[in-house]
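Chain residues, written in single-letter form:
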Amino acid sequence: MDLSYREEEEAFRAEARAWLAANVPAEPLPSGDTAEGFALHKEWEQRLFDARFAVVSWPEAYGGREASLWEWLIFEEEYYRAHAPQRVTQNGIFLLAPTLFEFGTPEQQDRILPRMASGEETWCQGWSEPDAGSDLAAIRSRAVRDGDAGGWRLTGQKTWTTRGAFCDRMFGLCRTDPDAERHRGLTYFLVDLRAEGVTVRGFGRLDGDEGFADVFLEDAFVPDRDVLGEVNEGWRVAMATTGSERGLTLRSPGRFTAAAARLTDLYRERGGAADPLLRDDVVRAWMDAEAYRLQTLQTVTALSEGARPGAESSLTKLFWSELDVRLHETALGLLGPDAEADGPWMKGYQFALSGPIYAGTNEIQRNVVAERVLGLPRR
Ligand SMILES: Cc1cc2nc3c(=O)[nH]c(=O)nc-3n(C[C@H](O)[C@H](O)[C@H](O)COP(=O)(O)OP(=O)(O)OC[C@H]3O[C@@H](n4cnc5c(N)ncnc54)[C@H](O)[C@@H]3O)c2cc1C
């Protein structure tokens, strides 16, 4: 197995590294999960876009560089290594976009993708409802055809919508055939959050940021051109989005290899050698991040040979989310009582705790692995 990169890939890495070194803000931006921080992050996204680093793997017509998945991984490694700002465009670029490339019409792609790439139009995801989380097919939001107006009227409530209070648009499912079996009769809509009949109410997370929102839909109009995929086929389209989320695009290994490198630095700074158990935890975090990187290379090899992400993406999500919690726990252990006063590691830890919940809880991922990877009986 040859794990070395080609000359042009190394050149791309050098270009990305130099640009990031010259452009990443010296002071970290305020959290993108606050109104002030979100606005500053959008400015950063525009700079990334202008330098054609916002969506490296996309077609040039949409602001990309037609980079391979390998080059995308390289860019991600460099991005996290440079400690660059969180991507507030991520729900659009990493989740909706792969689905638009697969199911969108050329008109939808031309209209939506460039504005998404530049951060001009930001997206949030509207799956969860007050009575539908893990059991997504239990959603009750409904859409009724308005033939005269050429579209649909949506009514219902979405919740836990990340950055919903700051975004322009939301993608999500509504029930379009109430008589159909639960997983059928759902349609995938692209909703304008400024439209009449849409009320967005932000609410705080445990860490104090206003990172979540409830989205209330009362006869909100969505034109036909904003239906993604076929009417009543939304489940299949939504599964493509969740596959991207769990499998590859949401959490690239660069995020964890960079965090493991910072953990190693922290260990050295704190003279942590005094506690052999903490030393073992640091080594384990580094090895796990490296294992995830190697496993991702295997996934990318399979994808570039034509495979589609399958149930194995649940294994990936389990691995990175649990690794992230352990890694941050180790950092807090190294900081000892200073952890209380520390900003970044403590904030990172609080967010890591939500990893086993979002993108489908880890209990659900274990069910998927048991039934669809290992072929175990449901009961
Ligand atoms: C940081 C964060 C960001 C989020 N962002 C978004 C977003 O942008 N958009 C969005 O739509 N949602 C978002 N969510 C919501 C998230 O998708 C849900 O919280 C998640 O799907 C779980 O749903 P629930 O909270 O209703 O819990 P429930 O489904 O009620 O589950 C409660 C508990 O029961 C367990 N459980 C449920 N069913 C089973 C089963 N069959 N077998 C074993 N255990 C089971 C679950 O694992 C969990 O531990 C976000 C959540 C977090 C934490």
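The paragraphs below set out a description of the structure included in this document.

Reading the values: rules and limits
Residues numbered from 1 in each chain as written. Predicted model: local features only at pLDDT ≥ 70, side-chain atom pairs only at ≥ 80, totals over all residues. Heavy atoms only, no water. Near = heavy atom within 4 Å. Polar contact = N/O pair within 3.5 Å; in protein donor to acceptor, adjacent residues only side chain to side chain. Areas by Shrake-Rupley, 256 points an atom, 1.4 Å probe, with all protein chains shown as cover. Helix = DSSP H or I, 4+ residues; strand = E, 2+ residues; numbered from the N terminus. Nonpolar A, V, L, I, M, F, W, Y, C, P; charged D, E, K, R; others polar. Contact = heavy atoms within 4.5 Å. 1 Å grid on protein atoms, 1.4 Å probe; cavity = no way out; pocket = protein on both sides within 12 Å on 5 of 7 lines; lining within 4 Å. Points joined across faces, edges and corners; volume = space filled by probe spheres on them. Salt bridge = Lys/Arg side-chain N within 4 Å of Asp/Glu carboxyl O. Buried < 20%, exposed > 50% of the residue type's maximum accessible area, 1.4 Å probe, protein only. Axes fitted to C-alpha atoms, helices over the stretch in contact; angles between N-to-C directions. Parallel < 35°, antiparallel > 145°, perpendicular 65-115°, else oblique. Left-handed = near helix turned anticlockwise from the far one by under 90°.

### Regarding the site of the ligand
1) Next: Contacts to the ligand come from 16 residues, most closely from Ser128, Ser134, Thr162, Thr361 and Glu363.
2) Next: The side chain of Thr361 places a nitrogen or oxygen atom 2.7 Å from an oxygen atom of the ligand.
3) Next: At 3.0 Å, a side-chain N or O of Asn367 approaches a nitrogen atom of the ligand.
4) Next: Its free accessible area being 980 Å², the ligand has 64% of it covered by the protein chains.
5) Next: With three residues, the single largest contributor to the shell around the ligand is helix α11 (residues 362-373).
6) Next: For the shell around the ligand, the residue count by class is six nonpolar, nine polar and one charged.

### Some details on the environment of Ile74
1) Next: Residue position: Ile74 is located in helix α3 (residues 69-81).
2) Next: Residues contacting Ile74, with those up to four places away along its chain left out, are Tyr5, Glu9, Phe12 and Arg13.

### A look at empty space enclosed by the protein
1) Next: Applying the stated criterion across every chain yields a total of one cavity of 30 Å³ or more.
2) Next: Approximately 40 Å³ is the volume attributed to the largest cavity.
3) Next: Lining the largest cavity we find Gly126, Leu154, Lys158, Met170, Phe171, Gly172, Leu173, Cys174, Phe189, Val191 and Leu217.
4) Next: For the lining of the largest cavity, the element with the highest residue contribution is strand β4 (residues 169-175), accounting for five residues.
5) Next: A breakdown of the residues in the lining of the largest cavity according to their chemical character gives eight nonpolar, two polar and one charged.

### Here we look at the pattern of salt bridges
1) Next: For the structure on display, the rule yields 36 salt bridges.
2) Next: Of the charged contacts in the structure, one is a salt bridge between Arg6 and Glu8, with a shortest N-O distance of 3.1 Å.
3) Next: Residue classification places Arg6 among the exposed positions, given a relative accessible area of 52%.
4) Next: On the basis of relative accessible area, Glu8 is assigned to the partly exposed category, the value being 45%.
5) Next: Between Arg13 and Glu78 there is a salt bridge, with the nearest N and O atoms lying 2.8 Å from each other. In this pair, Arg13 sits in helix α1 (residues 7-23) while Glu78 sits in helix α3, placing the two residues 65 residues apart along the sequence. When sorted by exposure, Arg13 lands in the same class as Glu78, which is buried.
6) Next: It is possible to trace a salt-bridge network through shared partners that takes in Glu10, Arg13, Arg17, Glu77, Glu78 and Arg81.

### Quick look at the layout of surface pockets
In this approach the atoms are scanned with a rolling probe the size of a water molecule, which exposes any empty space left behind.
1) Next: The computed volume of the second largest pocket comes to approximately 290 Å³.
2) Next: The biggest single contributor to the lining of the second largest pocket is helix α8 (residues 276-304), with four residues.
3) Next: Per-class residue counts for the lining of the second largest pocket are six nonpolar, three polar and three charged.

### Re the packing of helix α7 (residues 253-269) against α8
1) Next: Between α7 and α8, the least distance of the axes is 9 Å, while the angle of their chain directions is 160 degrees. With respect to α8, the axis of α7 lies roughly antiparallel. Read as a crossing pair, α7 and α8 show a hand that is left-handed. On the side of α7, the interface is formed by Pro253, Phe256, Thr257, Ala260, Leu263, Thr264 and Tyr267, while α8 contributes Arg279, Val282, Ala285, Trp286, Ala289, Glu290, Tyr292, Arg293 and Thr296.

### Quick look at the side chain of Arg205
1) Next: Assignment of secondary structure puts Arg205 in the loop between β6 (198-203) and β7 (212-223).
2) Next: When near neighbours in sequence (up to four residues on either side) are disregarded, Arg205 contacts Asp33, Gly211, Phe212 and Phe351.

Geometric descriptors of this kind do not, in isolation, establish any biological role.
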